[in-house]
Amino acid sequence: MNFKAKREGRRLSTGCHGLDLILQGGLPAGQMYLLEGDPGTGKTTLAMQFMLAGAMEGEQTLYITLSESMEELQSAAASHGWGLERVPILELTSDELAGDEDTQYTVFHPSEVELVSTMRRMLAEVERVNPHRVVFDSLSELRLLAGDSVRYRRQLLALKSFFAQRAITVLILDDRTGDGKDKQLQSIAHGVLRLQKLPREYGVTRRNIEVLKLRGSAYREGFHDYAIRTEGVVVYPRVIASEHRDSFVAEMFTSNVPELDALLGGGLQRGTSNLVIGPTGVGKSTIAALYAAAATTRGERAAIFTFDELVGTLSRRCTQLGVIIDDMTEPAKMSVEQIDPAELSPGEFAVRILKMVDEQGLRVLVLDSLNGYMQSMAGEQELILHLHELLGCLNLRGVTTIMTLAQSGLVGNMQAPVNVSYLADCVILMRYFEAFGEVRQAISVLKNRSAEHERTIRELSFKGDKITVGDPLHSFQGILTGVPNLVDATMPGAAVVGAARE
């Protein structure tokens, strides 16, 4: 039989949709691949997904295990709700007598059985089953049996030749417990995938996958977050902004507070990223929620992800000011969700947002706040790169993003934990300031690439059930420092503040 004519030239699904996207359709058929990673990274789980995906396509499979027993594999599969009835298993680690060659599953102990006899039994089973896919679990046992590097490499080359002649797609697992400098199989294999765990001081372990090589095929480079869920290994491909583009009308949308929209030059532009920055408690979340709620009144889909504040607290504060973000009469218009950054990776969060854009038509997104979002990142530079791609992707899809960022301190010289202002198309600055013995709030627009915005500083107040943006504070100087000077008590701005004081 001409195995190659029948099997080559195809892409085989790995059983993991996100990984298939990274591999641009899956693994090229008829080649040998290395899946490496430390213990606990999910190699066996992903290998079982690969086998089950083949079984679902009607392909013959064979799982060769040298490191785990059949019972352990079946137990691991059951924890994900899978059954391995359609996946033949060649077990080489049971407690049966090694000399019983008539049993269905051969057994051996690495310290007692020679490599030659082990390989002979394994290859005979492959010829009998004639599989399309084979998993070899794991390489560390083969390395132990070989004893020295020369014999080990010869055996690898023999395996590659044997499987290549039959156009069998082979996935070899390696737990990297051997010599860390061992690159022999990496050089022999057609492709190499690496699973990694990135422990953090607090929260769940973050995991990522990287395709180190894939000969003759394009793939998405870099690190991609993944998680081990009940449904198996779930990979979240790294967001690339240039891959996402929709046609949309570049229009302004308002907040239903005319003075605030006037400050911005008419409102926020569709398909832009906007940053509301200021000290804690100054009203950043309320301003962001104001625009999200206004979008729902136009029949658009909006979502608020809060990292710092409870959903109930945010909802009550907004409701007191007449901003309704949890109107259950139209549940499809607004989504408010609290995110725990210690339990969620940036890649998973980005995929969740893009899924809302694709499936629900999301048009306004609020991230409250970037301070909480940063806790899911390994460092400042990673946050900036990730935000750059995510914001670029959302902008090209016509989604308006509103981010809040809390600065340290309340008045005077304040610092932001990370400089992301240059990534935003519009930056709204909010400040506390002292005037006539009272602590007031001010709002201004530092930049707006989409419109000719006001250069003035206006007073902002949250009183009763109303959000009020006052007249420009022309009579004060130094408001942004927190301690302004009254330069002309006769000007309108002073009159407004003085009236508010009385």
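Residues numbered from 1 in each chain as written. Predicted model: local features only at pLDDT ≥ 70, side-chain atom pairs only at ≥ 80, totals over all residues. Heavy atoms only, no water.

Engineer: Just checking my understanding: could you explain the environment of E71 for this structure?
Structural biologist: Position of E71 relative to the elements: it lies in helix α4 (residues 70-78). The spatial distance from the C-alpha of E71 to the C-alpha of E91 is 9.9 Å, given a sequence separation of 20 residues. (Helix = DSSP H or I, 4+ residues; strand = E, 2+ residues; numbered from the N terminus.)

Engineer: Quick question: what am I supposed to make of the packing of aromatic side chains here?
Structural biologist: Between two aromatic rings, the relevant description is the distance of the centres plus the angle of the planes. According to the stated counting rule, one finds 6 aromatic pairs in the structure shown. Relative to Y291, the ring of F253 lies with its centre 6.1 Å away and its plane at 80°, an arrangement referred to as edge-to-face. Residue F253 is located in strand β12 (residues 252-253), and its partner Y291 is located in helix α10 (residues 284-297); the two are separated by 38 residues in the primary sequence. Seen from their ring centres, F305 and F349 are 5.1 Å apart, and the 85° between their planes marks the pair as edge-to-face. On the criterion of sequence distance, the pair formed by F305 in strand β15 (residues 301-306) and F349 in helix α12 (residues 346-360) is long-range, its members being 44 residues apart. Using a relative accessible area of 1% as the deciding quantity, one classes F349 as buried. Of the aromatic side chains, those joined through ring pairs into one cluster are F305, F307, F349 and Y373. If you follow R133 out to its NZ or CZ, it ends over the ring of F50, 4.6 Å from the centre. It is R166 that lies over the ring of F162; its NZ or CZ is 4.0 Å from the centre. (Phe/Tyr/Trp six-rings, centres within 6.5 Å; stacked < 30°, edge-to-face > 60°. Buried < 20%, exposed > 50% of the residue type's maximum accessible area, 1.4 Å probe, protein only. Lys NZ or Arg CZ within 6 Å of the ring centre and 35° of its normal.)

Engineer: Can you help me understand the side chain of D174 in this one?
Structural biologist: Relative to the elements of secondary structure, D174 occurs in strand β7 (residues 169-174). According to the relative accessible area criterion, D174 is buried, its value standing at 6%. Those residues in contact with D174 that lie beyond four places of it in its chain are L34, L35, E36, G37, K43, L139, S140 and R143. (Contact = heavy atoms within 4.5 Å.)

Engineer: Before we go on, may I ask you to explain the sheet that holds strand β22 (residues 466-472) in this structure?
Structural biologist: Either a parallel or an antiparallel arrangement is found when strands of a sheet pair, and the pairing is made through backbone hydrogen bonds. Read across the sheet, 9 strands follow the order β16-β15-β17-β18-β14-β19-β20-β21-β22 without closing on themselves; strand pairing throughout is mixed. For this open sheet the edge positions go to β16 (334-338) and β22, each flanked by a neighbour on one side alone. Between one strand and the next, the sheet's axes are offset by a mean angle of 20°, whatever the strand orientation. Across 6 bridges, β15 lies against strand β17 (residues 362-368) in parallel orientation. Along β17, the bridge assignment pairs A302 with V364. Where α12 meets the sheet, its contacts fall on β15, β16 and β17, and the angle it forms with β17 comes to roughly 155°. (Pairing = 2+ DSSP bridges. Axes fitted to C-alpha atoms, helices over the stretch in contact; angles between N-to-C directions.)

Engineer: In this structure, what is going on with the nonpolar core? I would like to understand it.
Structural biologist: The nonpolar side chains of soluble globular proteins are, as a tendency, buried together. Within the largest apolar cluster, 38 residues are counted, with the highest numbers of intra-cluster contacts made by F305, F349, I353, L365, Y373, L387 and V420. Going through the elements one at a time, β14 (273-279), β15, α12, β17, α13 (370-374), α14 (380-396), β18 (400-407) and β19 (426-435) are the ones with two or more residues in this core. Aside from chain neighbours lying at most four places away, what touches L387 is L370, Y373, G392, M403, V420 and L423. L264, A289, M334 and I443 belong to the second largest nonpolar core, which has 36 residues in total. (Core = buried A, V, L, I, M, F, W, Y, C linked by side-chain atoms within 4.5 Å.)

Engineer: Would you mind going over the confidence of the model for the chain with me for this structure?
Structural biologist: Summing up the model confidence of the chain, the mean pLDDT is 84 and the portion of residues at 70 or higher is 87%. This stretch, residues 1-6, has a pLDDT under 50; its non-local contacts, to residues over four places away or in other chains, come to 7 contacts. With pLDDT under 50 throughout, residues 495-502 is counted as low confidence; its partners more than four residues away or in other chains account for 11 contacts. (pLDDT = per-residue confidence, 0-100.)

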